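The primary structure of each chain is shown beneath.
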Amino acid sequence: MVSTENISCVLAFFFDVFPFCRNTGDDDVSIKVLYCGICHSDLHTIKNEWRNAIYPVVAGHEIAGVVTEVGKNVARFKAGDNVGVGCMVNTCRSCESCEEGSENYCSRIVFTYNSVDRDGTVTYGGYSELVVVSERFVVRFPDGLPLDRGAPLLCAGVTVYAPMKQHGLSEPGKHVGVIGLGGLGHVAVKFAKAFGMKVTVISTSPEKRQEAVERLGADAFVVSTNASDMKSVMGTMHGIINTACASTSMHPYFALLKPKGKMILVGLPEKPLQVSAFALVGGGKTLAGSCMGSITDTQEMMDFAAKHGVAADVELVRADEVNTAMERLAKGDVRYRFVIDIGNTLKTD
Ligand SMILES: NC(=O)C1=CN([C@@H]2O[C@H](COP(=O)(O)OP(=O)(O)OC[C@H]3O[C@@H](n4cnc5c(N)ncnc54)[C@H](OP(=O)(O)O)[C@@H]3O)[C@@H](O)[C@H]2O)C=CC1
Ligand SMILES: O=C/C=C/c1ccc(O)c(O)c1
Ligand SMILES: [Zn+2]
Ligand SMILES: [Zn+2]
């Protein structure tokens, strides 16, 4: 349980006192933050569940805003453009992963917040009025994608879109399961339907059944603790995107995969998962992990979302409501992403 007292997250509104970002460098884009989504990773980090917090943490890596200034080498953006920033703001730019355009797997990746940049400074995220980011980690907001409902796509969206494309789980007619109907899970359902797939939600929350089917367009909904629900979809799925933020036994989930089916882990629970070798080996099944997406994946996903009308279902909150939002997120009480309305509520005069 998280309480307001023990959340060591700060909103960077005392900007004049503490320098949370650099001046605009030659390759940089300065961005006035308008909206920032609240990812469960923000909560894991500020509660130090991953044991890596560098306090004070300014979280936020689902950043949507408008360009205010660009450095002299910046060619792709100009003041006034609508842009987004996701989970990373720097990489080594020369390793094999960087060279092949998989910079999200660079071993020297610099995350948008709670990370040490190449110049030794700590990074601070989008719960802030302003961010300054190297041009190559900035994406364009396509026309028609609203900034508030588009912001969560910059982490949640690409984190599910990229592995679905990579693992052949974007082909019409295939059946994909989505474990966990939260921020990541609900956009996974939307992307899967946009790809023309059959989608089954696998949830711990029976009360989400109606909205999953009627509002989000899922073809089926099963409760993971209900044996007859689980039996009804056993052996039917080509793949599963596992977005659960807490640890469980994986055994019942593997049984839902067809032979040679793939379980893609994107959720990052604090505690280790329990996996039985027999559950994987017998059916020749694959257990894989996936981390965010590349910048190319992110721009492709944003453009796909605009074209197909995919956007997050959001609850907008004011900057001064962020602690309440965090407490509600910890309880699973959100449909389906909190987004902080930074532009209207975090003003300095
Ligand atoms: N790999 C990556 O690159 C990324 C990883 N993440 C990680 O993904 C996870 C999900 O993030 P996000 O979608 O923002 O989180 P949310 O809190 O919005 O959603 C997580 C969902 O997990 C389900 N869940 C909760 N407890 C359990 C449990 N004990 N067993 C099974 N399912 C459970 C719930 O869905 P339901 O009620 O339907 O069961 C819940 O809504 C987090 O761990 C986050 O850190 C996030 C972004 C990128
Ligand atoms: O919300 C996105 C978090 C991604 C992430 C992936 C891997 C890792 O080690 C992290 O600290 C964060
Ligand atoms: Zn995230
Ligand atoms: Zn690299």
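Everything here concerns the structure above.
Definitions and limits used
- Residues numbered from 1 in each chain as written.
- Chains lettered and ligands numbered in written order.
- Predicted model: local features only at pLDDT ≥ 70, side-chain atom pairs only at ≥ 80, totals over all residues.
- Heavy atoms only, no water.
- Helix = DSSP H or I, 4+ residues; strand = E, 2+ residues; numbered from the N terminus.
- Buried < 20%, exposed > 50% of the residue type's maximum accessible area, 1.4 Å probe, protein only.
- Areas by Shrake-Rupley, 256 points an atom, 1.4 Å probe, with all protein chains shown as cover.
- 1 Å grid on protein atoms, 1.4 Å probe; cavity = no way out; pocket = protein on both sides within 12 Å on 5 of 7 lines; lining within 4 Å.
- Points joined across faces, edges and corners; volume = space filled by probe spheres on them.
- Nonpolar A, V, L, I, M, F, W, Y, C, P; charged D, E, K, R; others polar.
- Salt bridge = Lys/Arg side-chain N within 4 Å of Asp/Glu carboxyl O.
- Donors = N, O, S within 2.8 Å, 3.2 Å for Na, K, Ca; no water.
- Tetrahedral: all angles 85-135°; square planar, octahedral: opposite > 155°, others 65-115°.
- Pairing = 2+ DSSP bridges.
- Axes fitted to C-alpha atoms, helices over the stretch in contact; angles between N-to-C directions.
- Near = heavy atom within 4 Å.
- Polar contact = N/O pair within 3.5 Å; in protein donor to acceptor, adjacent residues only side chain to side chain.

(A) Local environment of the overall build of the chain. A count of helices and strands for the chain gives twelve helices and 15 strands. Along the three orthogonal principal directions, the C-alpha set of the chain runs to about 60 × 45 × 35 Å. Here the chain holds 349 residues, and 55% of them are scored as buried. Accessible surface for the chain amounts to roughly 15000 Å². Of this, 51% is attributable to carbon and sulfur atoms.

(B) Quick peek at the layout of surface pockets. Here the second largest pocket is characterised by a volume of approximately 310 Å³. Contributing to the lining of the second largest pocket are 18 residues, with Phe20, Cys21, Arg22, Val122 and Thr123 lying nearest its centre. Take the lining of the second largest pocket: its biggest share by element is four residues, from strand E6 (residues 130-134). Of the residues assigned to the lining of the second largest pocket, the class counts are eleven nonpolar, four polar and three charged.

(C) Spotlight on the pattern of salt bridges. Tallied over the entire structure, the rule returns 21 salt bridges. Arg76 serves as the salt-bridge partner of Glu135, at 3.8 Å between the closest nitrogen and oxygen. Residue Glu135 is located in the loop between E6 and strand E7 (139-140), and its partner Arg76 is located in the loop between strand E2 (63-70) and strand E3 (82-85); the two are separated by 59 residues in the primary sequence. For Glu135, a relative accessible area of 14% gives the class buried.

(D) How the structure looks around the coordination of the zinc ion (ligand 3). The protein atoms donating to the zinc ion (ligand 3) are Cys39 (SG), His61 (NE2) and Cys155 (SG), with metal-donor distances spanning 2.0 to 2.3 Å. Around the zinc ion (ligand 3) sit four donor atoms, and with donor-metal-donor angles ranging over 97 to 125° the site reads as tetrahedral. Along the chain, the residues that donate to the zinc ion (ligand 3) are spaced as C-x21-H-x93-C. Residue His61 is located in the loop between helix H1 (40-46) and E2, and its partner Cys155 is located in the loop between helix H3 (147-150) and helix H4 (156-166); the two are separated by 94 residues in the primary sequence.

(E) Spatial organisation of the sheet that holds strand E11 (residues 237-242). The strand order across the open sheet built from six strands is E10-E9-E8-E11-E12-E13, with neighbouring strands paired in parallel fashion. The sheet terminates laterally at strand E10 (220-223) and strand E13 (286-289), the two strands that pair on one side only. Taking each pair of neighbouring strands and ignoring which way they run, the sheet shows an average axis angle of 20°. Here strand E8 (residues 175-179) pairs with strand E9 (residues 198-203) via five bridges, running parallel.

(F) Here's a closer look at the site of ligand 1. As a structural note, the neighbourhood of ligand 1 is formed by 30 residues, with His40, Ser203, Thr204, Ser205 and Arg337 the closest of them. Note that an oxygen atom of ligand 1 is positioned 2.6 Å from one of the side-chain N or O atoms of Thr204. In this structure, Lys208 approaches ligand 1 through a side-chain N or O atom, which is 2.7 Å from an oxygen atom. If ligand 1 stood free it would expose 920 Å²; the protein chains cover 91% of that surface. Counting residues per element, the ones that place at least two in the shell around ligand 1 are H1 and helix H5 (183-194). The residue inventory of the shell around ligand 1, partitioned by class, reads 14 nonpolar, 14 polar and two charged.

(G) Fine view of the pairing of E11. Within E11, five of the six residues are buried, leaving the element largely enclosed by the surrounding structure. Here E8 pairs with E11 via four bridges, running parallel. If you follow Val176 over to E11, its bridge partner there is Gly239. In this structure, E11 lies alongside strand E12 (residues 257-265), joined through five bridges in parallel fashion. Each bridged residue has a counterpart across the sheet, and for Asn242 the counterpart in E12 is Leu265.

(H) Broad picture of the site of ligand 2. Around ligand 2, the neighbouring residues are Cys39, Ser41, Trp50, His61, Cys87, Phe111, Cys155, Leu268 and Cys291. For ligand 2, an oxygen atom lies 2.6 Å from a polar atom in the side chain of Ser41. Contacts to ligand 2 include His61, whose side-chain N or O atom sits 3.1 Å from an oxygen atom. In isolation ligand 2 offers 330 Å² of accessible surface; the protein chains occlude 72% of this area. Broken down by class, the residue content of the shell around ligand 2 amounts to seven nonpolar, two polar and no charged.

(I) Representation of the coordination of the zinc ion (ligand 4). Ligation of the zinc ion (ligand 4) by protein atoms is provided by Cys92 (SG), Cys95 (SG), Cys98 (SG) and Cys106 (SG), these donors lying 2.3 to 2.4 Å from the ion. One can describe the donor arrangement at the zinc ion (ligand 4) as tetrahedral, given that its four donor atoms subtend angles of 104 to 118° at the metal. Since its relative accessible area comes to 10%, Cys92 is described here as buried.

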